[in-house]
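Examination of the molecular architecture
As a plain string of letters, each chain reads:
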Number of protein chains: 4
Amino acid sequence: MTRVAVLGAKGRMGSESVRAINAADGLEVVAEIDLGDSLDQVTAAGAEVALDFTQPHVALDNVLWCIEHGVDVVVGTSGFDDERIAAVRSALGDSPASGVLVVPNFSIGAILMMRFAATAAPFFESVEVIEMHHPDKVDAPSGTAVRTAELIAASRREAGSPGLPDATTTDPDGARGAKIDGIPVHSVRARGFVASQQVLMGGAGEEFTIRHDSHDRTSFMPGVVAAVRGAGSRPGLTVGLDDVLGL
Amino acid sequence: MTRVAVLGAKGRMGSESVRAINAADGLEVVAEIDLGDSLDQVTAAGAEVALDFTQPHVALDNVLWCIEHGVDVVVGTSGFDDERIAAVRSALGDSPASGVLVVPNFSIGAILMMRFAATAAPFFESVEVIEMHHPDKVDAPSGTAVRTAELIAASRREAGSPGLPDATTTDPDGARGAKIDGIPVHSVRARGFVASQQVLMGGAGEEFTIRHDSHDRTSFMPGVVAAVRGAGSRPGLTVGLDDVLGL
Amino acid sequence: MTRVAVLGAKGRMGSESVRAINAADGLEVVAEIDLGDSLDQVTAAGAEVALDFTQPHVALDNVLWCIEHGVDVVVGTSGFDDERIAAVRSALGDSPASGVLVVPNFSIGAILMMRFAATAAPFFESVEVIEMHHPDKVDAPSGTAVRTAELIAASRREAGSPGLPDATTTDPDGARGAKIDGIPVHSVRARGFVASQQVLMGGAGEEFTIRHDSHDRTSFMPGVVAAVRGAGSRPGLTVGLDDVLGL
Amino acid sequence: MTRVAVLGAKGRMGSESVRAINAADGLEVVAEIDLGDSLDQVTAAGAEVALDFTQPHVALDNVLWCIEHGVDVVVGTSGFDDERIAAVRSALGDSPASGVLVVPNFSIGAILMMRFAATAAPFFESVEVIEMHHPDKVDAPSGTAVRTAELIAASRREAGSPGLPDATTTDPDGARGAKIDGIPVHSVRARGFVASQQVLMGGAGEEFTIRHDSHDRTSFMPGVVAAVRGAGSRPGLTVGLDDVLGL
């Protein structure tokens, strides 16, 4: 049994993660820590891995504390930016004992979609992204769609792919979305969707589509469990789940 | 056997239509007329219905000639605008003997999609249109998508539907497409598509999608055959296939 | 304000309906009745419409009681079979004062899908149904898919459509599903789906698809609200939501 | 310029390939050989690579002749079975000078679909395959769908994935399709489709779909061109395009 501490255990992702970790083979939650609780509980409970779903400014302190106390840590907190990642790298030093796994996206489906889209895009003449989210979302395009388009564009650049064919001469003003590195991203906002995305590719006489639909945050739990399982065997800093998933 | 004359018989739609009409039960092509041929062949061959796939300026003269000679006529020529339709109505007069059926779109699939989208749209909170065409198309959104959005907007207005929910605050510049009467239309241009469209509707906990994919002009032939069959029994002017299809 | 009693108010559909009715313009729940409660509360609270989400054998008694007491009633209880419907018809007699609306399916999306599929099917050479549900479902195909296939088959028979083309000579044993009145229904069982269905139609050079995805029972609430609103103005027995929806 | 001979140049795949090769940078067709022509034209024209789209029994002799004459060869002929492949391996011997590339499937889209499905399948609880072909096809499931299911099953076995969850107790007789190595494959036969396939995967709260639609044989040409380009740099026997595509 790997002993796990969850920081931010009462939040939405934290509480869902507590359930998922306790349901997973070989893992158990030994400390549920939230606002006002002392981190000493992590070591007192004998946790080997900490999972952080707090706030960006708190998360960095939590990670540094874990490094100091020899506890591996998975950072799921959103907004853990490059500056914070640099601070972690510096704290780990040259011969790190702890593993720190920073995960910007726990959705294995989204990770596979991005990976496959980047691999496939150079083989097709055209590629566009359509992302579909609930209408309460304030930003368009979504972060995942922007990242997908960037990866597609990078992959095509590296393969020497030509620009996308497009004879459009009249295009009034666009609906919702953006061109990211030359890749059109269409943003649909409709009740009924939570977080969906499709990547459409096309060549003469064929279409190739990758689509991911996420309906609730339980879809992140396989990624959370994989991260907690993988953190211990990776001393030093790792960003993203790809390596843990063997991709 | 209904005897049919095809005007513009050597063009792409004309020649495909000759094949389709000859393959249809109860119809036969008795005159194939193209540039430089005399319309007298229509009556000489005993044609009861003429199908016009010529050019807008020629088509009007053809229709007037058919009315004068008591031949029913189906106008499939694109660009046969309101002014020309008014001229036909005036020529038919109060007690028309001939039937003139003007068909802006022979795709039964597209007609059903528009009809169903307009019927369904007031029952859902959100609706957006995504149309996908080959990248050599110069205009965006497509004519069918604009018409679909207009019909959806009119149907929602009539039903007293509220505006579409949309909390978007950051939306850089749009990808390709437009808002038509408040309905977002996203235009994808990708090799592999000929003419495809989906209408996405959503309410709490559900999505409803209507999609039509057309891969080549054979998909217009059932509409052409239905129009030729229906023209004779409709004295006077009819615009659109809906009535012929019993919709 | 229309005053509504909900019978079976503590069940999953009942409690969700209480919330939805109270949130709807012009409706309010005045009695929440469950196991062991007396129906007298319905009249004591001045309810004009009762909504029944109980059990088939209880529901019939409830309906008969409502007829006797001049309360309109919507029956949402599943398993309210033809025999029970006959008993209701008999109780209503020739000049019914009450309206009884029996609703086998509150999903407006599913109703539209069935309606559109039946309308469109005669216009295409081929049609097949694919339904996708969670893997804990015990029956295949789903009731909605069977009903859809029956409606499609009836509509094609009436239109004189030929049988579906199918040259298959080797087909080992089928995956999951059935042929219903000659219409192939494929049943997918996969985690992540709740209740989804698509109807695929095809003709030369084109495909036409209608798809409905339902993710949770909130998607039934617009149908529940429409039924409660419509029950009062329909004396006598009505089966199905189509008429209430103006379809 | 790489000089290419096409064997079976008048067939459907052969003639399309002649066009595609001549349109590709750095390749030119120097010999078009069909029934009754002598293979000596291959060497007389100075061809460096031969592309074979003939018949299985002829293809083996063609390959052996090419090996003998130091010409690299791509075998696109369907039905080039394991026995013939063994004969080629034996003829190549231990220090092969020629490269022989046997390609059972030139569709890069289909190859990517199979590759991605096998990679993704262990990450999801459920997976099913739906393949959609024209109704004149005699076999169900399609060869590509069977191969996809086998690859998915192998990948899940290797990853130690549990069996697919399925609570179905009533399942009359199936529609069209099969279970292949435990993976349900649904076969749709509908006019309008040429060759399409989707792989549906699902986990709690999410769905992941990979779909490929092929509308005509031009979609095979990028694979043909890649094969012809790659054959020369791979002495010995290679089966499948994966390696040439860098997958």
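Because the structure is a prediction, the values reported are computed rather than measured.

About the cut-offs
Residues numbered from 1 in each chain as written. Chains lettered and ligands numbered in written order. Predicted model: local features only at pLDDT ≥ 70, side-chain atom pairs only at ≥ 80, totals over all residues. Heavy atoms only, no water. Helix = DSSP H or I, 4+ residues; strand = E, 2+ residues; numbered from the N terminus. Buried < 20%, exposed > 50% of the residue type's maximum accessible area, 1.4 Å probe, protein only. Contact = heavy atoms within 4.5 Å. Lys, Arg positive; Asp, Glu negative; His and termini not counted. Charge placed at Lys NZ, Arg CZ, Asp CG, Glu CD. Buried area = accessible area lost by both parts, 1.4 Å probe. Salt bridge = Lys/Arg side-chain N within 4 Å of Asp/Glu carboxyl O. Polar contact = N/O pair within 3.5 Å; in protein donor to acceptor, adjacent residues only side chain to side chain. Nonpolar A, V, L, I, M, F, W, Y, C, P; charged D, E, K, R; others polar. Pairing = 2+ DSSP bridges. Axes fitted to C-alpha atoms, helices over the stretch in contact; angles between N-to-C directions. UniProt positions renumbered as here; feature names shortened; annotations may be inferred. Least-squares fit on C-alpha atoms with pLDDT ≥ 70 in both.

Quick look at the overall build of chain A now. What chain A contains, in helices and strands, is eight helices and 11 strands. The 247 residues of chain A split such that 56% are buried. Sequence separation of at least 24 residues holds for 73% of the intrachain contacts in chain A that already meet a minimum separation of 6. Seen as two clouds, the 19 positive and the 33 negative side-chain charges of chain A have centres 3 Å apart.

The next thing to look at is the interface of chain A and chain B. Contact residues are listed per partner, giving 46 residues for chain A and 46 residues for chain B. Surface buried jointly by chain A and chain B totals about 3600 Å² across both partners, of which 52% is contributed by carbon and sulfur atoms. The tally of links between chain A and chain B comes to six salt bridges. For the interface between chain A and chain B, the tally reads 20 residue pairs in polar contact (both at pLDDT 80 or more). Contributions of two or more residues to the side of chain A that touches chain B are made by β6 (126-133), β7 (177-180), β8 (183-189), β9 (195-203) and β10 (206-214) of chain A. Tallying contributions element by element places β8(A) first for the side of chain A that touches chain B, with six residues. Classifying every residue of the side of chain A that touches chain B gives 18 nonpolar, 13 polar and 15 charged.

Strand pairing in a sheet is mediated by backbone hydrogen bonds. Such pairs are either parallel or antiparallel. All names here are of chain A. Spatial ordering of the open sheet is given by β2-β1-β3-β4-β5-β11, a layout of six strands whose pairing is parallel. Strands at the two margins of the open sheet, each flanked by one partner only, are β2 (27-33) and β11 (236-239). Neighbour to neighbour, the strand axes of the sheet diverge by 20° on average, direction disregarded. In this structure, strand β1 (residues 2-7) lies alongside β2, joined through six bridges in parallel fashion. Paired with Val 4 across the bridge in β2 is Val 29.

The subject of this paragraph is the UniProt feature "binding site: (S)-2,3,4,5-tetrahydrodipicolinate" (unreviewed entry) in chain A. Residues and elements named next belong to chain A. Mapped onto this numbering, the UniProt entry annotates "binding site: (S)-2,3,4,5-tetrahydrodipicolinate" (unreviewed entry) at His 134, Gly 143 and Thr 144. Along the chain, His 134 falls in the loop between β6 and α6 (143-159). For His 134, the contacting residues outside a window of four places in its chain are Arg 189, Ala 190, Phe 193 and Val 194. In this fold, Gly 143 is placed in helix α6.

Superposition record for chain A on chain D: RMSD 0.0 Å, screw rotation 180°, translation along axis 0.0 Å. Taken together, the rotation and translation relating the two chain copies correspond to the operation of a two-fold axis. Taking C-alpha positions as reference, the residue of chain A nearest the rotation axis is Ile210(A), located at 2.3 Å. Taken as a fraction of all interface residues of chain A, those also at the interface in chain D reach 100%, which identifies the copy contact as same-surface.

The next point concerns the environment of Val129(A). Residues and elements named next belong to chain A. In this fold, Val 129 is placed in strand β6. Overall, Val 129 belongs to the buried group, its relative accessible area being 0%. Spatially, the C-alpha atoms of Val 129 and Arg 217 are 22 Å apart, while their sequence positions differ by 88 residues. Beyond its immediate chain neighbours, meaning those up to four positions away, Val 129 contacts Ala 145, Thr 148, Ile 152, Ile 183, Pro 184, Val 185, His 186, Gln 197, Gln 198 and Val 199.

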